[in-house]
Each structure stands twice: as C-alpha cells, then as structure tokens.
Amino acid sequence: MKRCDLLTLYKSLYEFFGPQHWWPAQSKFEVCIGAILTQNTAWRNVEKAIANLKKANKLSLEGILSLSEKELAKLIRSAGYYNQKAKKLKAFCSYIKENYEGSLEKFFSKSIHELREELLSLHGIGSETADSIILYAADKPSFVVDAYTERIIERFCNLRFNSRDELKKFFESKLPKDVKLYNEYHALLVALGKHFCRKKPLCLECPINKKCYHYKNNVKA
Ligand code: SF4
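Quantities reported herein were computed from a predicted structural model and do not represent experimental measurements.

Just checking my understanding: could you explain the overall build of the protein chain for this structure?
What the protein chain contains, in helices and strands, is 13 helices and zero strands. Counted from the first residue to the last, the protein chain has its helices and strands arranged as α-α-α-α-α-α-α-α-α-α-α-α-α. Over its C-alpha trace the protein chain gives a radius of gyration of 19 Å, about what one expects of a compact globule, namely 17 Å for 221 residues. Taken along its principal axes, the extent of the C-alpha atoms in the protein chain is 60 × 35 × 30 Å.

Laid out in structure tokens, this is it:
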C-alpha cells in the first residue's frame, strides 16, 4: 500500500467493521439537532436528549422555538453543556425560520460552499458540526473531519496537517466526491478511533496494523 492510500484504508476498514448505518435519525431535522447536541459528549447522552424532545412532542423547528431556553435546556440536560446547547439549537432553528421560511429543504438547496459559510456563521456551529449537517442531513459531499480523523491519519500515514480544514481538503482531493463514501468513511474512522486507535492505541489487536506507519515503526518488534 503506498503512503496514505485513502481508498485502500477505507476498504480495509469496511471489510473489518462493515456498514455503520449513519446517521442514526428519523429525519433530516433530527440529524441537525443530533449534530449540535453531540458536541463534546457521547452519543448515548444525545439519544436520551432526543428521546426527551420526542416525548415532549418538541422535536421540530416550531417545537424548539416554542420553548424558552430554560425549558429546552431541561429537556436536553443529558447531553451536557445544556444551557449553551439550548442557545445553539434555538439559534439554528431561528435562522432557518427567518431566512428559509422554516424549510430545511430550501436551506439545503444551496451549494455546499454557501451552506458551510452560513452554518459556520451561526452561534456554536463549528466545522465538524457544519460538515455533519451538510453530509448527513443535506446529503452533500462535505467530508467530516474530527479528532479521530486527525489522530488516525497522523499515526497511520505519518502525516500532520496545520488545520482540520487542510486535512478535509486532503481527503476531498484524494477521494471521489461521493456522499455514500464520505458518509461511511467518517463513520468507519470513528469506529476505528473508538475501538482501537484510542489515545493509548491498541495496536496489537488493530485490524489494519500491518499497513500502519505507527505500528510498523514504533510497535512491531
Ligand atoms: S495500528 Fe495502532 S496506531 Fe495504527 S491505526 Fe491501528 S491502533 Fe492506530
């Protein structure tokens, strides 16, 4: 495998982990809400918050806007940073209501570049959240880069990037612009990062260790 062949890495991960079925949500709106709630917390905590919103019949743009920040914070408490996240959810919903008549369809008809610019201009939405919304809710090919992606590429390929945006460009320049591929690839990197390529990596058990720079140069005897 030549240095950092991203398609070969993808195939190896897919062979081992299989399809990841992301994003676990019943609607595009739920994806957006989940993408904001999952900042700095584990997904299981987000699931509880989303279940609470559903139970209260508030998992909709109008539902969220009908709540005060305090009421919303109470419903999403399990997701952590609930006061800030309540503000972020309301900012997102208000923006869609004021600029797109409350229609995600209208919002998502914009180009990837426009969507990204607009999302990044909103309170509390950074590049990982913006790209998750573009990829998993708008179904447009914007590669999602997170801490796992950085760590894996640094170790697996021995490559470091100055910023996540640079790493995102690297992925997008090496891969076909394909929503399904980007969808699965990010999910597979998360699976590898969670199960093997942790802060303290489990290299001996890792399914792709034979192709990994870090393993070959630092672990293997
Ligand atoms: S071999 Fe180790 S460093 Fe390489 S990808 Fe696997 S867990 Fe990460």
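Could you clarify how one ought to interpret the nonpolar core in this entry?
Nonpolar side chains in soluble globular proteins tend to end up buried together. In terms of nonpolar packing, the biggest core is built from 74 residues, with Phe 92, Phe 171 and Tyr 185 touching the most fellow members. Two domains each put at least three residues into this core: domain 1 (6–20 + 144–219) and domain 2 (28–137). Once residues within four sequence positions are removed from consideration, Phe 171 is found in contact with Leu 6, Phe 143, Thr 149, Ile 153, Tyr 185 and Leu 189.

What is the right way to read the site of the ligand from this model?
Taken together, the neighbourhood of the ligand is formed by Arg 155, Phe 196, Cys 197, Pro 201, Cys 203, Cys 206, Asn 209, Cys 212, His 214 and Tyr 215. A molecule is said to occupy a pocket when more than half its atoms come within 2 Å of that pocket's grid points, and by this definition the ligand occupies the largest cavity. The class makeup of the residues in the shell around the ligand is seven nonpolar, two polar and one charged.

I tried to follow the packing of aromatic side chains on my own but got confused; where do I start?
Two numbers describe a pair of aromatic rings. These are the distance of the centres and the angle of the planes. Counting across every chain of the model gives 19 aromatic pairs. Judged by centre distance (5.8 Å) and plane angle (55 degrees), the ring pair of Trp 22 and Tyr 136 falls under tilted. One end of the pair, Trp 22, is in the loop between α1 (6–17) and α2 (28–37); the other, Tyr 136, is in helix α9 (residues 127–137), with 114 residues separating them in the sequence.

How should I be thinking about α9 in this particular structure?
An α-helical segment advances 3.6 residues per turn. Residues three or four places apart therefore align on the same side. For α9, a buried count of nine out of 11 residues is recorded, marking the element as mostly surrounded by other parts of the structure. Among all positions of α9, only Thr 129, Ala 130, Asp 131, Ser 132, Ile 133, Ile 134, Leu 135, Tyr 136 and Ala 137 are buried. Its buried side turned inward, α9 meets α2, α6 (82–100), α7 (104–108), α8 (112–120), α11 (164–174) and α12 (179–195). Where α9 ends, the next residue or the one after it, Asp 139, has phi of about 60 degrees, a positive value.

Teacher, can you tell me more about empty space enclosed by the protein here?
If a probe the size of a water molecule is rolled over the atoms, the empty space left behind becomes visible. Enumeration according to the criterion identifies two cavities of 30 Å³ or more in this entry. The volume enclosed by the largest cavity comes to roughly 110 Å³. Every residue lining the largest cavity is counted, 13 residues in all, and those nearest its centre are Cys 197, Cys 203, Cys 206, Ile 208 and Cys 212. Among the residues making up the lining of the largest cavity, the classes are represented as 12 nonpolar, one polar and no charged. In this structure, the second largest cavity spans a volume of roughly 40 Å³. Taken together, Arg 116, Ser 127, Glu 128, Asp 131, Phe 143, Val 145, Arg 164, Asp 165 and Lys 168 make up the lining of the second largest cavity.

Teacher, can you tell me more about the domain arrangement of the protein chain here?
Interfaces are frequently sized by the accessible area removed from exposure as the parts join. Once the domains are mapped, the protein chain shows domain 1 (6–20 + 144–219) and domain 2 (28–137). On a C-alpha basis, the centroid separation for the pair domain 1 and domain 2 is 27 Å. In this assembly, 11 residues from domain 1 lie in contact with seven residues from domain 2. Taken together, both faces of the contact between domain 1 and domain 2 bury some 770 Å²; the carbon and sulfur share is 59%. The largest contributions to the domain 1 side of the interface with domain 2 come from Val 144, Lys 168 and Asn 183, which together make up 50% of the buried area.

For this particular structure, what's the right way to read the state of the cysteines?
Defined simply, a disulfide is a covalent bond joining two cysteines at their sulfur atoms. In this structure the tally under the stated criterion is one disulfide. Paired by a disulfide, Cys 4 and Cys 157 hold their sulfur atoms 2.1 Å apart. In this structure the cystine formed by Cys 4 and Cys 157 twists about its S-S bond by roughly 60 degrees; its chirality is therefore right-handed. Here Cys 157 lies in helix α10 (residues 147–157) and Cys 4 lies in the segment before α1, a separation of 153 residues in the sequence.

Hey, could you run me through unusual backbone geometry in this one?
A negative phi angle is the norm for most residues apart from glycine, just as the trans form is the norm for most peptide bonds. For the peptide bond that leads from Trp 22 to Trp 23, omega is 0 degrees, which places it in the cis range. Looking at the element boundaries, Trp 23 is found in the loop between α1 and α2. Phi angles above zero are rare outside glycine, and His 21 is one such case at about 55 degrees. Tracing the backbone through its elements, the reader meets His 21 in the loop between α1 and α2. Even without glycine at this site, Tyr 81 takes up a positive phi of about 45 degrees.

Calculation rules
Residues numbered from 1 in each chain as written. Predicted model: local features only at pLDDT ≥ 70, side-chain atom pairs only at ≥ 80, totals over all residues. Heavy atoms only, no water. Helix = DSSP H or I, 4+ residues; strand = E, 2+ residues; numbered from the N terminus. Rg over C-alpha atoms; globule rule 2.2 N^0.38 Å. Core = buried A, V, L, I, M, F, W, Y, C linked by side-chain atoms within 4.5 Å. Buried < 20%, exposed > 50% of the residue type's maximum accessible area, 1.4 Å probe, protein only. Domains from an automatic or database assignment. Contact = heavy atoms within 4.5 Å. Near = heavy atom within 4 Å. 1 Å grid on protein atoms, 1.4 Å probe; cavity = no way out; pocket = protein on both sides within 12 Å on 5 of 7 lines; lining within 4 Å. Sits in = over half its atoms within 2 Å of the grid points. Nonpolar A, V, L, I, M, F, W, Y, C, P; charged D, E, K, R; others polar. Phe/Tyr/Trp six-rings, centres within 6.5 Å; stacked < 30°, edge-to-face > 60°. Points joined across faces, edges and corners; volume = space filled by probe spheres on them. Buried area = accessible area lost by both parts, 1.4 Å probe. Disulfide = S-S within 2.5 Å.

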